[in-house]
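What follows is the residue order along each chain.
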Amino acid sequence: MYSDYVKSDFRSFKSDKQFITAPIYYVNGAPHLGHLYTSIAVDILHRFMSIFGESYFSIGTDEHGQKVEQSAQKNNCEVQKYVDDMYAPFHQLMKVANIQYDSFIRTSSEKHKSNVLHFWNKLLDSGDTYEDSYKGWYATRDEQFYAEDEVEDRYIKNSKRKVAKISGSPVEWMEEKCTFFKLSKYNDELLDYYKKNKSLIGPNARYNEVIGMLEARIPDLAITRSRFSWGISCGNGQVIYVWVDALSNYITAMGDNVDYWINDMIHIIGKDILKFHAIYWPALLLSTGYPMPKRIYAHGWWTVNEDKMSKSLGNVVEPFDLIEKYGIDPVRYCIMREMSFGQDGDFSHDRMKNRVNTELVNVIGNLVQRVLAFTWKEFGETLTINDLEDQDLELLKNWDECLENSFEAMKKQQIHVYLEEVRKVIVKTNQYIDFTAPWKCESEEKKRILAVGIECIKRLALIIYPVMPGSSEKILEMIGCDCKISNWFVPLQQKALDKPSGLFNRI
RNA sequence: UGCGGGAUAGAGCAGUCUGGUUAGCUCGUCAGGUUCAUAACCUGAAGGUCGUAGGUUCGAAUCCUGCUCCCGCAACCA
């Protein structure tokens, strides 16, 4: 009996509370595939853990800095007006991509500004700042100073220029009075902490990078700028360094519940901003007396047809077009399947199309369709699971394993493992249908097999909810089930079925 | 020079941190089966000395060392 199986096999899944963050996106350009990817990844992690426990998800836009100010000037636009315009498509993207954030922070908002000043004052009170005049090579493009050994002469268009070795950006000798943060003071503390908490930074390659940076020693950090004014003013004609401003968004996002969430802070970032999140930010938190992040996980970058995605190559993948063309659920699924979360990956329309047709239409959509259409034709309503044969039990246990393995994987941000687990159990279910061949069976047996089948469809819908919420809800509505993981073991009630329609369209 | 990433069947990847049964998966190819299903599904087969040379080990794709090759390091930028 199904009830015996449930009694003997019931597992309760409970996740730790988490505050999960996506980066805030710099509004100095239009959203592209990378922004979409990061947002979806965090959304999936958030939705998944929300099923089992508490999760809070923040995202937003980074709107300050010299480059934004310059772009606005170039466009003859008042800066606030300019960032309002630039912010809009990012915000719109959240809607069309079905990103279910709890908090969207704009760094130019009053709420954020006052929060940053509060954070700033804590920093000044910590005794970890000092005034000094900065003499050094400044690259406007990088918004950053470089030391003497970090610059070199290079010939650009036949003229000799000093440039930063790392970025190649032109530098100028600058002297400016600014406030410094004693970052170097935290060098060893961070190193020690990370060596004791190896799983704090992932994937492993990124962990090694951070250890390398710390072992090479980190100098103090200039945390004010006076060359431009588009930022949060801290007096004396100076503005707060954009990264202090930007990183503080995570505090702003928590609002009045900082104490409640901050212990459980998980940062999902792109690999380019690892240093800021794994070194600057934790040091700032230590200085101001906040706890350390629980996890920092950096994902990889996209190439497009093996080329780097770039405006000059003209191969930037435009997220709105993508969603328009394939639909949001296929996009969410495919771009997460396309790369192991943490590695780099390549995008191509050919592979996208192939994946939609094979995995979504042929495997997932087809399973749902064959079970529901058959049941609809034969019985006209959903079936309540009751008696079980060994093979039925085995299949249900496969689904339980899938849930458990997915859960374990997602605790470690292994989104690709979760999706692979789901795919595997769906294949098993297709095998089961073929093996039991209900179309050849007598009525009672047919009913039993289809009841098991529908039970699997229900579980399928529940488990794909984080990655394809729209499709999940569509299935659940057809079979009359609420989207709650507690329904995993709860048998479906009888409900009249309509003629099922396809879940995904072949391309 | 340097820094970082990579090298696993025709293609795309997982596995490498925490060494251990015949190295997995998807797509593609070939041969069967099936008809409930959006010509979808299922079974089977071919195809890899896990870049290379050493080392550690009872045992290495996995750890260590040398080497080769590929990619990125102007800007936008997750």
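Every chain is numbered on its own, with residues counted from 1 as its sequence reads. A letter from A marks each chain and a number from 1 marks each ligand, given out in the order of writing. Under the rules for a predicted model, residues below a pLDDT of 70 receive no local features and side-chain atom pairs below 80 are neither given nor counted, while totals for whole chains, interfaces and linings still include all residues. To obtain the side-chain values, all non-hydrogen atoms of the structure were used and water was disregarded.

1. Observations concerning the sheet that holds strand 16 (residues 307-308)
Step number 1: With mixed pairing, three strands are arranged side by side in an open sheet as 16-15-17. If you trace the sheet from one side to the other, it starts and ends with strand 16 and strand 17 (345-347), each paired once.
Step number 2: When DSSP finds at least two bridges between two strands, those strands are taken to pair. Counting from the N terminus, the helices are DSSP H or I runs at least four residues long and the strands are E runs at least two residues long. Bridge analysis of strand 15 (residues 302-304) against strand 17 gives three bridges, and the strand direction is parallel. Bridge pairing in strand 17 links valine 304 to phenylalanine 347.

2. Here we look at the packing of helix 15 (residues 390-411) against helix 16 (residues 415-436)
Step number 1: Every axis corresponds to a line fitted to the C-alpha atoms, with the helix fit spanning only the stretch in contact, and the corresponding angles, defined between N-to-C directions, vary from 0 to 180 degrees. With their axes 8 Å apart at the nearest point, helix 15 and helix 16 run at an angle of 175 degrees to one another. Classified by the angle between their axes, helix 15 and helix 16 sit roughly antiparallel to one another. Judged by residue contacts, Gln391, Asp392, Leu395, Asn398, Trp399, Cys402, Asn405, Ser406, Ala409 and Met410 of helix 15 engage Ile415, Val417, Tyr418, Glu421, Val422, Val425, Ile426, Lys428, Thr429, Tyr432, Phe435 and Thr436 from helix 16.
Step number 2: Residue classes follow a fixed rule: Ala, Val, Leu, Ile, Met, Phe, Trp, Tyr, Cys and Pro count as nonpolar, while Asp, Glu, Lys and Arg count as charged, and any other residue, Gly among them, counts as polar. The residue inventory of the contact of helix 15 with helix 16, partitioned by class, reads 13 nonpolar, six polar and three charged. For classification purposes, an angle smaller than 35 degrees is called roughly parallel, one larger than 145 roughly antiparallel, one from 65 to 115 roughly perpendicular, and anything else oblique. Only heavy atoms matter for contacts: two residues are in contact if any of them lie within 4.5 Å across the pair.

3. A word on the protein's contact with RNA strand B
Step number 1: Near RNA strand B you find 52 residues, and of these Lys311, Arg370, Gln431, Leu503 and Phe504 are the closest.
Step number 2: Considering RNA strand B, the proportion of its atoms within 4 Å of the protein that are sugar or phosphate atoms stands at 68%.
Step number 3: Under the rule applied, a polar contact is a pair of N or O atoms within 3.5 Å (in protein, one hydrogen donor and one hydrogen acceptor; residues adjacent in sequence only if both atoms are side-chain atoms). Interatomic distance of 2.4 Å between a side-chain N/O atom of arginine 370 and a base nitrogen of RNA strand B.
Step number 4: The side chain of glutamate 420 places a nitrogen or oxygen atom 3.3 Å from a sugar or linking oxygen of RNA strand B.
Step number 5: Within the residue set of the surface near RNA strand B, elements represented by two or more residues are strand 1 (18-26), helix 2 (33-52), helix 7 (204-215), helix 14 (349-378) and helix 16.
Step number 6: Broken down by element, the surface near RNA strand B gets its largest block of residues, nine residues, from helix 14.
Step number 7: Of the residues belonging to the surface near RNA strand B, the class tally is 15 nonpolar, 22 polar and 15 charged. Only a single heavy atom is needed: when it lies within 4 Å of a molecule or strand, its residue is near that molecule or strand.

4. Quick word on the packing of aromatic side chains
Step number 1: Side-chain rings of Phe, Tyr and Trp (the six-membered ring for Trp) are treated as a pair once their centres are within 6.5 Å; stacked means planes under 30 degrees apart, edge-to-face means over 60, and tilted covers the remaining angles. In this structure the tally under the stated criterion is 24 aromatic pairs.
Step number 2: Between tyrosine 260 and tryptophan 261 the ring centres are 5.1 Å apart and the planes differ by 85 degrees, which places this aromatic pair in the edge-to-face class.
Step number 3: Members of the aromatic cluster, connected to one another through ring pairs, are Tyr37, Tyr297, Trp302, Phe341 and Phe347.
Step number 4: Directly above the ring of tyrosine 260 sits lysine 17, whose terminal nitrogen or CZ lies 3.9 Å from the centroid. Only Lys NZ and Arg CZ are tested; either one counts as a charge over a ring when it is within 6 Å of the ring centre and within 35 degrees of the ring normal.

5. Points about the side chain of serine 58
Step number 1: Mapping serine 58 onto the fold places it in strand 2 (residues 55-62).
Step number 2: Only protein chains enter the calculation, and the probe is 1.4 Å; a residue is then buried if its accessible area is under 20% of its type maximum, exposed if over 50%, and partly exposed in between. Residue classification places serine 58 among the buried residues on the basis of a relative accessible area of 0%.
Step number 3: If we ignore the near neighbours within four places in the chain, the residues touching serine 58 are Phe19, Ile20, Thr21, Ala22, Ser103, Asn249, Tyr250 and Ala253.

6. Things to note about the side chain of asparagine 315
Step number 1: Topologically, asparagine 315 is positioned in the loop between strand 16 and helix 12 (319-326).
Step number 2: Other than its neighbours up to four places away in sequence, asparagine 315 contacts Val304, Asp307, Lys308, Met309 and Ser310.

7. Section: the pattern of salt bridges
Step number 1: Every case where a carboxyl oxygen of Asp or Glu lies within 4 Å of a side-chain nitrogen of Lys or Arg is listed as a salt bridge. Tallying each qualifying case throughout the model produces 30 salt bridges.
Step number 2: Lysine 411 is the salt-bridge partner of glutamate 408, the closest N and O atoms lying 3.6 Å from each other. With a gap of three residues between them, glutamate 408 and lysine 411 both fall in helix 15, about one helical turn apart.
Step number 3: On the basis of relative accessible area, glutamate 408 is assigned to the partly exposed category, the value being 38%.
Step number 4: Taking the relative accessible area as the measure of exposure, lysine 411 reaches 41% and is therefore partly exposed.

8. A closer look at the nonpolar core
Step number 1: Formed by 109 residues in total, the largest nonpolar core has its most connected members in Met336, Ile415 and Tyr418.
Step number 2: Examining the composition of this core, we find that 12 residues originate from one element, helix 17 (residues 443-464), more than from any other.
Step number 3: Setting aside its immediate chain neighbours within four residues, tyrosine 418 contacts Ile44, Phe48, Ser406, Ala409, Met410, Ile463, Ile464, Pro466 and Val467.
Step number 4: Residues Phe181, Ile262, Ile269 and Leu285 belong to the second largest nonpolar core, which totals 54 residues. To form a nonpolar core, buried Ala, Val, Leu, Ile, Met, Phe, Trp, Tyr and Cys residues must be joined to one another through side-chain atoms within 4.5 Å.

9. Remarks on unusual backbone geometry
Step number 1: Of the consecutive residues glycine 202 and proline 203, the connecting peptide bond is found in the cis state with omega at -10 degrees.
Step number 2: Within the fold, proline 203 resides in the loop between strand 9 (201-202) and helix 7.
Step number 3: You will see that glutamine 413, though not glycine, has its phi angle at about 65 degrees, which is positive.

10. Re the sheet that holds strand 3 (residues 103-106)
Step number 1: Spatially, 3-2-1-13-14-9 is the arrangement adopted by the six strands of the open sheet, whose pairing is parallel. Looking along the sheet, the strands with just one partner apiece sit at the ends: strand 3 and strand 9.
Step number 2: Pairing analysis gives five bridges linking strand 13 (residues 265-270) to strand 14 (residues 295-299), with the strands arranged parallel. By the bridge assignment for strand 14, isoleucine 269 is matched with alanine 298.

11. Details of the pairing of strand 3
Working note: regular strand, side chains alternate between the two faces of the sheet.
Step number 1: By the alternation rule, side chains of strand 3 split into Ser103 and Ile105 and Phe104 and Arg106, which are all buried.
Step number 2: Here strand 2 runs beside strand 3; their pairing, made up of four bridges, is parallel. Along strand 3, the bridge assignment pairs isoleucine 59 with phenylalanine 104.

The values are spatial; any link to function lies outside them.
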